[in-house]
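# Chains, contacts and geometry: an overview
Residue-level listing of the chains:
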Amino acid sequence: MIYPDIRDKLRSGKMFGFLVDPDKHNRESLAELTGAAESGRVDFILVGGSLVSGSVDETVAILKESTDLPVVLFPGNVLQISPRADAILLLSLISGRNPEFLIGNHVVAAPLLSKTRLEIIPTGYILIENGRTTSVEYMSNTKPIPGDKIDLAVATAMAGEMLGHKLIYLEAGSGARESVNGKMISAVRSHIKIPLIVGGGIHTPEQIRDTYRAGADIIIVGSAIEQGSASLEPLLKEVEAHKS
Ligand code: 1GP
């Protein structure tokens with residue numbers, strides 16, 4: 001089971017995941033990624049995106065052929081469900097006020113999910129302003145929380161935990177100009193007990209260091225892994241320093 005493993009692993013160090021957007025990868029680049037991920041520094045691979053035209057199922061199948069790492073769905077919509085994955089982050093966009101992303105899509109997905117063996121991990125997903133309009137903001141038709149409204153982010157995360165979410169995901173959005181600021185990460189971390197994921201716009205070792213130091217338990221990197229394996233090594237080296 002992935003969620004208990006996450007809780008367990010976090011007792012001894014930080015965790016790290018790749019986000020694979022099926023439209024940005026092919027068999028070759030996935031092989032390169034899983035090669036790098038086998039180093040023990042990557043804990044799982046997320047698959048999904050705000051708008052995916054390629055096949056999530058095919059990408060998951062290729063990943064499952066080439067790695068033993070857990071493959072976890074990170075769906076932008078209900079079309080991105082693959083029964084071949086190990087788990088799904090069932091995201092509720094709790095920073096927004098769009099009922100489709102709070103419950104509507106979940107109602108559509110629930111009967112499908114119940115027919116799979118996917119482990120369901122309810123996740124409170126919080127979008128933070130980052131200096132530009134990201135795909136997730138546009139596609140979800142929701143307003144992100146401004147980066148300086150720390151109290152709003154904290155209250156949203158607390159509400160997410162009280163509602164029973166098992167993870168909180170602080171998201172600046174893929175390709176964000178600014179990743180989530182350290183003050184906000186620390187404040188959220190100190191007000192919840194469940195694991196805190198941070199992602200969006202993280203592409204340097206320094207950002208990884210600062211994000212972990214601020215209190216992120218798990219960091220997700222997507223865009224930066226699309227540059228090929230040479231650019232991965234410095235990031236993974238930094239991750240390693242926070243693993244024990
Ligand atoms: C998006 O947090 C992830 O949901 C990753 O963002 O592509 O900017 O790394 P990046």
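Structural data are supplied above this passage.
The structure contained in this document is the topic of the report that follows. (Residues numbered from 1 in each chain as written. Predicted model: local features only at pLDDT ≥ 70, side-chain atom pairs only at ≥ 80, totals over all residues. Heavy atoms only, no water.)

### What about the environment of Gly-131?
- Looking at where Gly-131 falls in the secondary structure, it is placed in the loop between strand 5 (119–127) and helix 5 (135–140).
- Distance in space between the C-alpha atoms of Gly-131 and Arg-177 is 5.7 Å, their sequence separation being 46 residues. (Helix = DSSP H or I, 4+ residues; strand = E, 2+ residues; numbered from the N terminus.)

### Focus on helix 6 (residues 150–162)
- Taking 1.5 Å of rise per residue, 13 residues should cover 18 Å, and helix 6 covers 18 Å from first to last C-alpha, within 8% of that figure.
- Of all the residues in helix 6, the buried ones are Ile-150, Ala-153, Val-154, Thr-156, Ala-157 and Gly-160. The buried residues of helix 6 occupy an angular sector of 165° when projected down its axis, which confines them to one face. Counted as exposed and oriented over 90 degrees from the buried face of helix 6: Asp-151 and Met-162.
- The elements touched by buried residues of helix 6 are strand 5, strand 6 (167–171) and helix 7 (182–191).
- Among the residues trailing helix 6, Gly-164 stands out with phi positive, at a value near 105°. (Expected span 1.5 Å × (residues − 1). Buried < 20%, exposed > 50% of the residue type's maximum accessible area, 1.4 Å probe, protein only. Arc of directions from axis to C-beta. Contact = heavy atoms within 4.5 Å.)

### Focus: the packing of helix 8 (residues 205–214) against helix 9 (residues 232–240)
- Taken N-terminus to C-terminus, the directions of helix 8 and helix 9 make an angle of 25°; their axes are 8 Å apart at the nearest point. The angle between helix 8 and helix 9 places the two elements in the roughly parallel class. The handedness of the crossing between helix 8 and helix 9 comes out as right-handed. Contact residues: Pro-205, Ile-208, Arg-209 and Tyr-212 in helix 8; Pro-234, Leu-235, Glu-238 and Val-239 in helix 9.
- When grouped by side-chain class, the residues that make up the contact of helix 8 with helix 9 number 6 nonpolar, no polar and 2 charged. (Axes fitted to C-alpha atoms, helices over the stretch in contact; angles between N-to-C directions. Parallel < 35°, antiparallel > 145°, perpendicular 65-115°, else oblique. Left-handed = near helix turned anticlockwise from the far one by under 90°. Nonpolar A, V, L, I, M, F, W, Y, C, P; charged D, E, K, R; others polar.)

### Brief notes about the site of the ligand
- Around the ligand, the surrounding shell holds 13 residues, and the nearest of these are Glu-171, Ser-174, Gly-175, Gly-201 and Ser-223.
- The separation between an oxygen atom of the ligand and a polar side-chain atom of Ser-174 is 2.5 Å.
- In the model, an oxygen atom of the ligand is placed 2.7 Å from a nitrogen or oxygen of the Gly-201 main chain.
- Taken by itself the ligand offers 310 Å² of open surface, and the protein chains cover 97% of this.
- Split into classes, the residues belonging to the shell around the ligand amount to 4 nonpolar, 8 polar and 1 charged. (Near = heavy atom within 4 Å. Polar contact = N/O pair within 3.5 Å; in protein donor to acceptor, adjacent residues only side chain to side chain. Areas by Shrake-Rupley, 256 points an atom, 1.4 Å probe, with all protein chains shown as cover.)

### Considering the sheet that holds strand 7 (residues 196–199)
- Pairing in this closed barrel of 8 strands is parallel, and the strands run 1-2-3-4-5-6-7-8 around the ring. For this sheet, the mean inter-axis angle between neighbouring strands, taken without regard to orientation, is 30°.
- Summarising the sheet, strand 3 (residues 71–73) and strand 4 (residues 87–93) pair through 2 bridges and their orientation is parallel. Opposite Leu-73, over in strand 4, you have Ile-88 as the bridge partner. (Pairing = 2+ DSSP bridges.)

### A look at the nonpolar core
- Core analysis: the biggest nonpolar cluster contains 80 residues, and Phe-16, Phe-18, Leu-46, Leu-89, Leu-170 and Val-188 have the highest contact counts within it.
- The residues contacting Leu-170, other than those within four sequence positions of it, are Ile-126, Ile-128, Val-180, Ile-185, Val-188, Leu-196, Ile-197, Val-198 and Gly-199. (Core = buried A, V, L, I, M, F, W, Y, C linked by side-chain atoms within 4.5 Å.)

### Description of the packing of aromatic side chains
- Evaluation of the coordinates by the stated rule reveals 4 aromatic pairs.
- Seen from their ring centres, Phe-16 and Phe-18 are 5.8 Å apart, and the 80° between their planes marks the pair as edge-to-face.
- Classification of Phe-16 by relative accessible area gives buried; the value is 1%.
- The buried category is assigned to Phe-18, whose relative accessible area is 0%.
- On the basis of an interplanar angle of 80° and a centroid distance of 5.8 Å, the ring pair of Phe-74 and Tyr-125 is categorised as edge-to-face. Of this pair, Phe-74 sits in the loop between strand 3 and strand 4 while Tyr-125 is found in strand 5, placing the two residues 51 residues apart along the sequence. (Phe/Tyr/Trp six-rings, centres within 6.5 Å; stacked < 30°, edge-to-face > 60°.)

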